[in-house]
Amino acid sequence: MELICPAGTPSALRTAIEAGADAIYCGFNDETNARNFPGLNFSRRELSEAIAFAHRRGVKILVAINTFPRAAAVELWQRAVDDAVNARADALILADIGLMDYAARHHPGQRLHVSVQAAAANPDAIAYYVETFGARRVVLPRVLSVPEIAAIAREVACETEVFVFGGLCVMAEGRCSLSSYATAKSPNMQGVCSPASHVAYATTAQGASSRLGGFTINQFAPDEPAGYPTLCKGRFSTELGTGYIFEDPVSLDATALLSALRDAGVSALKIEGRQRGRAYVEGVVRHFRKALTVLDSGGEAVVTSLKPFTEGQASTVGAYRKTWR
Amino acid sequence: MMQLSLGPVPYNWQPERWRDFYFRIADEAPVDVVSVGEIVCSKRAPFFDEHLPAVIERLERAGKEVLLGSLILVSQPRERRQTAALAEMADGLIEVNDLTCLRSISGRPHAIGPFVNIYNEAAASFHASRGAVRICLPPELPLASVAAIAAAVPEVVIEMFGFGRVPLAISARCYHARVHSLAKDNCRFVCDKDLDGLVVRTLENQEFLTVNGVQTLSHACANLLHDLGELERGGVRSLRLSPQSCDMVDVARTFRDVLDGREDAEAGSRHLQRIYPNIPFANGFLHGAPGFSFVMPEQAVE
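As the structure is a computational prediction, the values presented were derived from the model and not from experiment. (Residues numbered from 1 in each chain as written. Chains lettered and ligands numbered in written order. Predicted model: local features only at pLDDT ≥ 70, side-chain atom pairs only at ≥ 80, totals over all residues.)

Turning to the overall build of chain B, a few remarks are in order. Looking only at helices and strands, one finds 11 helices and 12 strands in chain B. The C-alpha atoms of chain B give 18 Å as radius of gyration, which agrees with the globular expectation for 302 residues (19 Å, within 12%). Buried positions account for 58% of the 302 residues belonging to chain B. Excluding contacts between residues fewer than 6 apart, the proportion of contacts in chain B whose partners are at least 24 apart in sequence is 65%. (Helix = DSSP H or I, 4+ residues; strand = E, 2+ residues; numbered from the N terminus. Rg over C-alpha atoms; globule rule 2.2 N^0.38 Å. Buried ≥ 20, exposed ≤ 12 C-beta atoms within 10 Å, placed from the backbone. Contact = placed C-beta atoms within 7 Å.)

With that settled, the discussion passes to the pairing of strand E10 (residues 215–220) of chain A. All names here are of chain A. Of the strand pairs in this sheet, strand E9 (residues 207–212) and E10 are connected by five bridges, and their pairing is antiparallel. Bridge pairing in E10 places Leu212 opposite Phe215. The turn joining E9 and E10, which pair antiparallel and follow one another in sequence, is formed by two residues; a positive phi near 60° is taken by Gly213. (Pairing = 2+ DSSP bridges.)

Quick look at the domain arrangement of chain A now. Residues and elements named next belong to chain A. As far as domains go, chain A holds domain 1 (2–168 + 250–324) and domain 2 (178–243). For domain 1 and domain 2, the distance between their C-alpha centres works out to 27 Å. Each partner contributes to the interface: domain 1 provides 10 residues, whereas domain 2 provides seven residues. (Domains from an automatic or database assignment.)

Next up on the list: the pairing of strand E4 (residues 93–96) of chain B. It is a general feature of regular strands that their side chains alternate between the two faces of the sheet. All names here are of chain B. Alternating positions in E4 separate into two faces, Leu93 and Glu95 on one and Ile94 and Val96 on the other, with burial throughout. In the sheet, strand E3 (residues 65–69) pairs with E4 via three bridges, with the strands oriented parallel. Along E4, the bridge assignment pairs Gly69 with Glu95. Here E4 runs beside strand E5 (residues 110–112); their pairing, made up of two bridges, is parallel. Looking at the pairing, Glu95 lines up with Ala111 of E5.

Listed as interface residues are 52 residues of chain B and, on the opposing side, 51 residues of chain A. Looking at the side of chain B that touches chain A, the elements with two or more residues in it are helix H5 (102–105), helix H6 (121–129), helix H7 (143–152), strand E7 (157–170), helix H8 (175–179), strand E8 (198–201) and strand E10 (215–223) of chain B. Of the residues assigned to the side of chain B that touches chain A, the class counts are 30 nonpolar, 13 polar and nine charged. (Nonpolar A, V, L, I, M, F, W, Y, C, P; charged D, E, K, R; others polar.)

As a further point, take the sheet that holds E10(A). Strand pairing in a sheet takes place through backbone hydrogen bonds and is either antiparallel or parallel in direction. Residues and elements named next belong to chain A. If you walk across this open sheet you meet the three strands as E8-E9-E10, and the pairing is antiparallel. Two strands close off the open sheet at either side, each with one partner strand: strand E8 (199–204) and E10. Strand-to-strand twist across the sheet, computed as the mean angle between neighbouring axes with direction ignored, equals 25°. Bridge analysis of E8 against E9 gives six bridges, and the strand direction is antiparallel. Across the sheet, the residue bridging to Val199 is Leu212, located in E9. (Axes fitted to C-alpha atoms, helices over the stretch in contact; angles between N-to-C directions.)

So, on to helix H5 (residues 123–133) of chain A. Here H5(A) lies mainly inside the structure; eight of its 11 residues are buried. Restricting attention to buried positions, one finds in H5(A) the residues Pro123(A), Asp124(A), Ala125(A), Ile126(A), Tyr128(A), Tyr129(A), Val130(A) and Phe133(A). On its buried face, H5(A) sits against helix H4 (97–106), strand E5 (112–114), strand E6 (137–139) and helix H6 (146–155) of chain A together with helix H4 (77–89) and H5 of chain B. Just downstream of H5(A), Gly134(A) is the residue with a positive phi angle, here 70°.

This part takes up unusual backbone geometry. Residues and elements named next belong to chain A. You will see that Asn41, though not glycine, has its phi angle at about 85°, which is positive. With respect to the secondary-structure elements, Asn41 resides in the loop between strand E2 (23–26) and helix H2 (44–56). The backbone phi angle of Ala119 is positive, close to 50°, even though this residue is not glycine. Position of Ala119 relative to the elements: it lies in the loop between E5 and H5.

Okay, here's the thing in structure tokens:
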């Protein structure tokens, strides 16, 4: 299985390669990708240089152009596709159907991967992308169990890529307007979710509270570290009680499931975190490189502590086990 | 003339209530199009399927165009089979709510619901070239995008979500089951206790979202009564009213009265507030503002 690692900056990219990545995914420093944070991502020139650097080391670069082009500005995204192709990207990761159509028609030889943002969650949807655009790989939404992934991998004509570490989306990716409901900024349109621009922390009598767009997302005791107010990881109440209604603020760690994913026929493992720093990239990539080496030599991957890198200092295997639903 | 369409009932109503709701819509509601079917959770579908033929027949006899909505999220093998079967059975148009449908009906005329990502003219043209004849756009789109899309595909009926709690997210996890300490597989259909969805509040007691099984909706109710002129000028030809647990016939009449100039938007909104009290209205998405907000026309920045 290929290890696909995130890079938000050229130095993170070098770090990931040194730590053992088989491929890196990254994006341009504009709204064409779904991690559009200030100071993050690659200029055209940085991407060209990164691709040349990676290719000399036998590492692939996958360019994420995975937001949904803004109406009346579609050319920006089409230029991004053209520029990534000209820079010799090994694959484009796309979500918008119109953009896939453009890429397939204008760059028929270019390898296309279906982004998790395209929410292709079953063999029929995946087959549609394969048959219509010649997609070679699909990044599976994080709402599928391992048996479901195995069933998909058996049935589809393209490769499958699954997330194994990092932030966890509990809603179908690419189909969520929670963030824009609270802040007017959406993953699909602006490439951000729960943006920092709309975050506020306040001191309360009980400790602290975190807010997003004016809505209180969580409250913390004085000695508790105040987490980042990602909307779906907040604490809320219904008439049945108070708690993490949607998901606990944990992140995904599927180390324990690597052999199951391999047996399921998965082609590639993806680490989330283009917005994370070099220490995260180095630590997490090394861990999974080592786990894969152990797996290849017939052993089981050891679940060593990646706690410092996990949100909420706790991890989950998410939807990969069906009890999550 | 702007059409009115009624979206599928999102909530898990008792089947007889569901059936009688549609009979009354057929008999009394000034809506042109009605989309029916269980689109949120396939576990609920068998209970409504029993009444579906009678409902469709009554609606068609009343002159309504009937659309058959697909599931929003298709993942189980049974759901894939049902989705493919939808393409075979339909006398009327399928309303595609998940791209899975396209594998079985691409090329044949169909409608597209507000759960398919059409954010720009290229995506809209792509779908139009493969048979989409009406498209209800994603509710989070701003007016400028709506207008650019409508201009690019003038042959397609472009529809906007104009009333009802706004669908914001879909998941494989059931949040209704989760708050009852159950899971989707053993859910006991607890979602049937909440006819308008289950309200989610912040820790500071601010009403925020609504849980409806695997679906998350806004707490606020969309109300585009004050934006009808802009929508019409932007090329929108149909307005979708999404059923809430209130007098939807009266809601439809109110929208029809404002569209036809018998009532102004202010009076219409007051009327809606009486029909569906205690729920804030919102139109923020259309104005590029946070979705929960309500922007009055004179505040809107062109």
